[in-house]
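What follows is each chain in one-letter form.
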Amino acid sequence: MSLTQEKCLKMYTDMWRIRLFEEEANRQTNLGNVVGTLHMYCGEEAVAVGVCANLRDDDYVLGTHRSHGHCIAKGAQSDKMMAELFGKATGTCRGKGGSMHVADFSLNMLGANGIVGAGIGPTTGTALASKIRGTDQVSVCFFGDGAAARGTFHEAIAMGSLWQLPVVYVCENNGYQQWVPRKNVAVVDSVADMAGSYSIPGVSVNGQDAIEVYEVIAEAVARARSGGGPSLIEARTYRFYGHSLGDEQQYRTEEEVEERKRNADPINILRDFMTERNWLTSADDDQVQQRAGDEITRAAKFAEESPWPEMGEVGTDVLFDAKEVA
Amino acid sequence: MTVMAFNEALREALHEEMARDESVFVMGEDVITHGGPYKVTDGVAEKFPGRIFETPIAEAGIVGLGVGAAMAGMNPVIEIMYLDFITCAMDEVVNQAAKMRYMTGGQASVPMVVRLPCGVGRLLAAQHSQIMESWFMHVPGLQVVVPSTPADGKGLLKTAIRSPDPVMFFEYKRTYTHKGEVPEGEYLIPFGKADVKREGEDVTVIAIGPMVQKSLEAAVLLEDEGYDIEIVDPRTLSPLDTETICESVRKTGRVVVCGEDSSFAGSVSEIAAMIAESCFSDLKAPIVRVGSPHVPMPFSAELVKHVVPEAANVVSAVNRVMS
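These numbers come from a predicted model, not from an experiment.

> Would you mind showing me how to read the overall build of chain A here?
Along its length, chain A carries 12 helices and 7 strands. Counting only C-alpha atoms, chain A reaches 55 × 50 × 40 Å along its principal axes. Taken over 326 residues, chain A has a buried fraction of 57%.

Written out as structure tokens, the structure is:
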């Protein structure tokens with residue numbers, strides 16, 4: 001898929017929608033409306049939009065505990081997502097999943113996942129399904145650099161390569177495994193270097209640059225779709241907030257975070273790229289931000305006004321029940 | 001009706017379901033070479049090319065792929081060579097397969113069958129002989145199925161493959177060669193429907209898996225003592241057919257619950273507790289459990305004799321509830 005102004009504008013818009021969604025969710029936790037925890041995606045938006053801009057509606061995506069951005073980039077509705085974070089009946093998962101399990105199966109977004117590295121096998125499985133059925137759907141798995149330490153990473157990628165499955169493994173390496181810098185617990189710096197063990201291409205990209213992500217993923221998706229097998233892409237990125245709510249972040253300095261926000265904000269990087277090409281005027285930019293802001297305000301209002309789940313919901317969806325569906 | 005061995009009945013069910021539905025496929029270690037470790041997957045590669053995958057030794061990967069393929073609308077039938085190895089894939093079973101439908105508010109369906117050859121077989125000691133039914137009974141979202149005869153094996157496996165939710169399918173290794181009459185063609189046994197394997201008046205013996213056959217042997221011996229025992233085979237431990245079990249208990253008032261697994265926090269214990277709760281006033285004697293002691297499976301044949309319950313254990317348990 002070639003890069004067009006339209007595509008760039010879509011990525012730019014989605015980055016703002018993600019950024020504002022996360023900031024609103026954070027605000028709602030302070031109001032006591034969003035409970036549990038929140039793993040904010042701010043700073044990493046270029047990865048989700050750069051990947052999903054290459055995907056069709058019927059392509060499969062599985063995510064992580066930090067997946068609000070993946071869901072929005074794949075097309076999920078922000079109002080239903082916010083309602084899910086509130087635990088309301090109108091949420092994407094009817095209030096049964098919460099932040100770590102947001103999913104929209106109508107978009108083949110098969111869910112965030114609360115267990116690190118747990119989506120890699122299932123994404124390889126959706127790719128296996130496509131291969132058996134003979135469709136040209138591509139599966140994309142997002143996971144963090146911490147997941148590369150898990151056995152599921154090795155077991156699943158080994159099978160993805162063995163059977164040449166149409167899957168793209170996207171590692172979001174934000175440098176921290178919860179509270180621990182990657183370098184303290186991993187000898188291999190770049191997760192992309194691990195691709196050689198499975199005889200698949202491994203590429204490391206600047207995950208703050210949506211264009212760079214888009215172009216590398218375009219090649220990996222084209223390879224997967226045409227039967228060329230899997231790829232492992234490492235997007236080197238940075239999270240602007242802590243691991244989750246209440247993270248004191250003693251493992252990094254405020255200066256480091258401020259420097260990254262100044263020099264590596266993915267929104268600024270894409271804005272500069274588009275401005276240079278006269279693809280985005282300042283009026284366009286204002287409009288994008290205004291619209292995204294309005295959407296997220298509406299989402300919060302929708303969530304707030306939505307009803308709580310009925311008590312009977314506790315016992316439904318444990319197993320399939322023909323009566324429930326009928 | 002055709003007489004066949006338990007593993008042949010399972011194979012027939014698998015072949016029939018694969019012919020019926022193109023979304024059914026097989027995955028597991030060594031499932032093609034030599035027709036699989038237990039010959040259950042024999043012939044699948046020839047008859048259904050492209051629908052059987054011989055995997056690396058990677059249980060978490062295998063079950064993880066199964067979860068994804070199932071969510072994408074396929075029906076994976078996974079073989080875990082020895083049940084003991086499922087511990088390497090507990091996240092995939094417990095946190096993924098079992099929870100997906102609930103966590104997604106009903107969007108996900110994981111129609112996956114995990115076949116679990118279990119129990120003592122050849123003498124392979126503590127890491128190749130476990131049963132662990134109750135581990136999975138404890139997890140909402142999983143169905144736990146334990147066939148005891150070739151016919152039940154066929155009927156329950158066909159239902160398992162058609163189920164929209166994950167099934168943990170227990171196959172006791174020592175029963176693979178047991179023979180019995182099996183209905184031809186379409187034969188489905190619903191989950192949550194216990195089977196009264198022998199009718200009797202004096203004692204209800206609830207028997208799981210191979211304990212059904214051992215209880216039938218015990219019943220013959222007990223006849224000589226003048227005791228007429230009823231044998232109820234739950235067939236599925238989750239869902240559990242409490243109605244059929246309680247009906248029998250109300251009739252006899254005396255209960256023995258038998259399984260090969262350790263009875264401590266085991267499948268028999270849940271059944272015993274359920275009966276105590278639901279039928280206390282019908283009981284004429286305390287419930288007795290028959291199971292293995294709470295020890296790992298030893299290697300030596302002499303020691304194994306003291307672990308795996310046999311017909312004699314059922315006989316003495318019946319004598320206890322009758323005394």
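Moving on, there is more to tell.
> Explanation requested: helix H6 (residues 151-162) of chain A in the structure shown.
Since the α-helix packs 3.6 residues into each turn, any two residues three or four apart lie on the same face. Given a rise of 1.5 Å per residue, 12 residues ought to cover 16 Å, and the 16 Å separating the end C-alpha atoms of H6 of chain A matches this to within 8%. All buried positions along H6 of chain A are accounted for by Thr152, Phe153, Ala156, Ile157, Met159, Gly160 and Ser161 of chain A. Contacts from the buried residues of H6 of chain A go to helix H5 (120-133), strand E2 (139-144), strand E3 (167-173) and strand E7 (231-236) of chain A together with helix H3 (59-71) and helix H4 (90-97) of chain B. Within two residues after H6 of chain A, Gln164 of chain A carries a phi angle of roughly 50 degrees, on the positive side.

> Would you mind showing me how to read the confidence of the model for chain B here?
The predicted coordinates should not be examined in detail at positions where pLDDT is low. Overall, the prediction assigns chain B a mean pLDDT of 98, with 100% of residues at 70 or greater. ipTM for the predicted complex: 0.96, alongside a pTM of 0.97.

> Sorry if this is basic, but what is going on with the pairing of strand E6 (residues 202-206) of chain A here?
If a strand is regular, its side chains alternate between the two faces of the sheet. Residue and element names in this part refer to chain A. Bridging between E6 and E7 involves 5 bridges; their strand directions are parallel. If you follow Val205 over to E7, its bridge partner there is Ala235. Crossover E6 to E7 through helix H8 (residues 210-225) is right-handed.

> Could you clarify how one ought to interpret a nonpolar patch on the surface in this entry?
Residues and elements named next belong to chain A. Together, Trp179, Val180 and Val185 give the surface a local cluster of nonpolar side chains, amounting to about 290 Å² of exposed area. Relative to the helices and strands, Val180 resides in strand E5 (residues 180-181). When its relative accessible area of 31% is taken as the criterion, Val180 is described as partly exposed.

> Can you walk me through the sheet that holds strand E11 (residues 229-233) of chain B in this structure?
Either a parallel or an antiparallel arrangement is found when strands of a sheet pair, and the pairing is made through backbone hydrogen bonds. All names here are of chain B. Pairing is mixed in the open sheet, where 5 strands are placed in the order E9-E11-E10-E13-E14. Pairing within the sheet leaves two strands with one partner each, and these edge strands are strand E9 (195-198) and strand E14 (288-292). With direction set aside, neighbouring strand axes in the sheet form an average angle of 25 degrees. Together, strand E10 (203-207), strand E13 (255-262) and E14 form the strand contacts of helix H10 (residues 267-279), whose direction differs from that of E13 by roughly 155 degrees.

> Where do I start with the interface of chain A and chain B in this structure?
By a widely used convention, the size of an interface equals the accessible area lost when the partners come together. Counting residues at the interface gives 39 residues for chain A and 40 residues for chain B. Here chain A meets chain B over a buried area of about 3,100 Å², counting both sides, of which 70% is carbon and sulfur. Summed over the shared surface of chain A and chain B, the number is 0 salt bridges. Our count for the chain A to chain B interface comes out at 12 residue pairs in polar contact (both at pLDDT 80 or more). Of all elements in the fold, only strand E1 (60-62), H5 and H6 of chain A reach the threshold of two or more residues within the side of chain A that touches chain B. A per-class count over the side of chain A that touches chain B returns 20 nonpolar, 11 polar and 8 charged.

> Can you help me understand unusual backbone geometry in this one?
Glycine aside, residues mostly have negative phi angles, and peptide bonds mostly take the trans form. Residues and elements named next belong to chain B. Of the consecutive residues Ser238 and Pro239, the connecting peptide bond is found in the cis state with omega at 0 degrees. Inspection of the secondary structure assignment puts Pro239 in the loop between strand E12 (236-238) and helix H9 (242-252). One non-glycine residue, Met132, lies in positive phi territory at about 55 degrees. Inspection of the secondary structure puts Met132 in the loop between strand E5 (113-118) and helix H6 (133-137).

> I tried to follow the side chain of Thr252 of chain B on my own but got confused; where do I start?
Tracing the backbone through its elements, the reader meets Thr252 of chain B in helix H9. Once residues within four sequence positions are removed from consideration, Thr252 of chain B is found in contact with Gly200, Glu201, Asp202, Val203, Thr204 and Lys284 of chain B.

> I tried to follow the nonpolar core on my own but got confused; where do I start?
The nonpolar side chains of soluble globular proteins are, as a tendency, buried together. One finds Phe153 of chain A together with Ile86 and Ile275 of chain B to be the most contacted residues of the largest nonpolar core, which totals 115 residues. By residue number, the principal contributor to this core is H3 of chain B, which donates 7 residues. Domain assignment of the residues forming this core places at least three in each of domain 1 (2-182) and domain 2 (195-322) of chain B. Aside from chain neighbours lying at most four places away, what touches Ile86 of chain B is Val63, Ile80, Val93, Val114, Leu116, Met132, Phe136 and Met168 of chain B. By size, the runner-up hydrophobic cluster in this structure holds 67 residues, among which are Cys71, Ala210, Tyr251 and Val257 of chain A.

> How should the packing of helix H1 (residues 5-30) of chain A against helix H2 (residues 45-52) of chain A be read in this particular structure?
Each packed pair of helices is defined by two parameters, the angle between the axes and the distance between the axes. Residues and elements named next belong to chain A. The N-to-C vectors of H1 and H2 enclose an angle of 135 degrees; their axes lie 9 Å apart at closest approach. When the interaxial angle is binned, H1 and H2 end up oblique. In this structure, H1 meets H2 at a crossing whose hand is right-handed. Here Met11, Asp14, Met15, Ile18 and Arg19 of H1 lie close against H2, whose contacting residues are Glu45, Ala46, Ala48, Val49 and Gly50. Broken down by class, the residue content of the contact of H1 with H2 amounts to 6 nonpolar, 1 polar and 3 charged.

> How should I be thinking about the sheet that holds strand E7 (residues 167-172) of chain B in this particular structure?
Residues and elements named next belong to chain B. Here 7 strands make up an open sheet; going across it, the order is E3-E2-E4-E5-E7-E6-E12 and the pairing mixed. Looking at strand neighbours, the two that pair on one side only are strand E3 (52-54) and E12, the edges of this open sheet. Taking each pair of neighbouring strands and ignoring which way they run, the sheet shows an average axis angle of 20 degrees. The sheet contacts of helix H1 (residues 6-20) involve strand E2 (24-28), strand E4 (75-79) and E7, and relative to E2 the element is tilted by about 130 degrees. Against the sheet, helix H7 (residues 150-162) makes contact with E2, E4, E5, strand E6 (143-145), E7 and E12, and its axis sits at roughly 160 degrees relative to E7, the strand it touches most.

> Just checking my understanding: could you explain the domain arrangement of chain B for this structure?
Residue and element names in this part refer to chain B. According to the domain assignment, chain B contains domain 1 (2-182) and domain 2 (195-322). Inter-centroid distance (C-alpha atoms) of domain 1 to domain 2 is 26 Å. The interface of domain 1 with domain 2 comprises 22 residues on the first partner and 24 residues on the second. Counting the surface lost from both domain 1 and domain 2, the interface buries some 1,900 Å², and carbon and sulfur atoms represent 64% of this. Contact with domain 2 buries surface across domain 1, with Leu123, Met137 and Ser148 losing the most and accounting together for 26% of the total. Where domain 1 meets domain 2, there are 2 salt bridges.

> Explain the packing of H3 of chain B against H4 of chain B here, please?
Residue and element names in this part refer to chain B. At a closest axis distance of 8 Å, the pairing of H3 and H4 adopts a crossing angle of 25 degrees. Here H3 is positioned roughly parallel relative to H4, judged by the angle of their axes. Taken together, the residues of H4 that come into contact with H3 (itself represented by Ala60, Val63, Gly64 and Val67) are Glu92, Val93, Gln96 and Ala97. The residue makeup of the contact of H3 with H4, split by class, is 5 nonpolar, 2 polar and 1 charged.

> How should the pattern of salt bridges be read in this particular structure?
When the charged atoms of two side chains lie near each other, side chains of opposite charge can form a pair. Residues and elements named next belong to chain A. On inspection of all chains with the given rule, the structure shows 45 salt bridges over all chains. A salt bridge links Lys10 to Asp14; the nearest nitrogen and oxygen atoms lie 2.5 Å apart. Of this pair, Lys10 and Asp14 both sit in helix H1, 4 residues apart, which is roughly one turn of that helix. Look at Asp14 and you get buried, because its relative accessible area is 5%.

Conventions we followed
Numbers given for residues are sequential positions, taken from 1 along each chain in its written order. Written order decides the labels, with chains lettered from A and ligands numbered from 1. Note on the predicted model: pLDDT of at least 70 is required for a residue's local features to be given, and 80 or more for side-chain atom pairs to be given and counted; whole-chain, interface and lining totals, by contrast, use all residues. Excluding hydrogens and water, the side-chain values take into account all heavy atoms of the structure. Per the convention used, a helix needs a DSSP run of H or I reaching at least four residues, while a strand needs a run of E reaching at least two, with both numbered from the N terminus. Buried, partly exposed and exposed residues are distinguished by accessible area as a fraction of the type maximum, computed with a 1.4 Å probe on protein chains only: under 20%, between the cut-offs, and over 50%, respectively. Multiplying 1.5 Å by the helix residue count minus one yields the expected span of that helix. We call two residues in contact whenever any of their non-hydrogen atoms come within 4.5 Å of each other. Per-residue confidence from the predictor is reported as pLDDT, which spans 0 to 100. In this scheme, strands are said to pair when DSSP sees at least two bridges between them. Convention used here: a crossover is right-handed provided that the path from the first strand, over the helix, to the second strand proceeds clockwise when the strands point away from the viewer. In this scheme, patches are assembled from residues that exceed 30% relative accessible area and form no salt bridge. Like charges are connected within 9 Å, while nonpolar side chains (Val, Leu, Ile, Met, Phe, Trp, Tyr) are connected within 5 Å. Here, Shrake-Rupley sampling with a 1.4 Å probe gives the accessible areas, and only protein chains in the shown set may cover a residue. Salt bridges are defined by distance alone: a side-chain nitrogen of Lys or Arg within 4 Å of a carboxyl oxygen of Asp or Glu. Each axis is a line fitted through C-alpha atoms, taken for helices only over the stretch in contact, and angles between the N-to-C directions span 0 to 180 degrees. Joining two parts hides part of their accessible area as seen by a 1.4 Å probe, and the buried area is that hidden amount summed over both. Polar contact criterion, stated in full: a pair of N or O atoms within 3.5 Å, where within protein one must be able to donate a hydrogen and the other to accept it, and residues adjacent in sequence count only if both atoms are side-chain atoms. Under the scheme applied here, ten amino acids are nonpolar (Ala, Val, Leu, Ile, Met, Phe, Trp, Tyr, Cys and Pro), four are charged (Asp, Glu, Lys and Arg), and all others, including Gly, are polar. Buried residues of nine kinds, namely Ala, Val, Leu, Ile, Met, Phe, Trp, Tyr and Cys, make up a nonpolar core once their side-chain atoms join them within 4.5 Å. Either an automatic procedure or a domain database provided the assignment from which the domain bounds are taken. By definition in this entry, angles of less than 35 degrees are roughly parallel, angles greater than 145 are roughly antiparallel, angles of 65 to 115 are roughly perpendicular, and the rest are oblique. Helix crossings are classified by the rotation of the near helix relative to the far one: an anticlockwise turn of less than a right angle makes the crossing left-handed, while a clockwise turn makes it right-handed.

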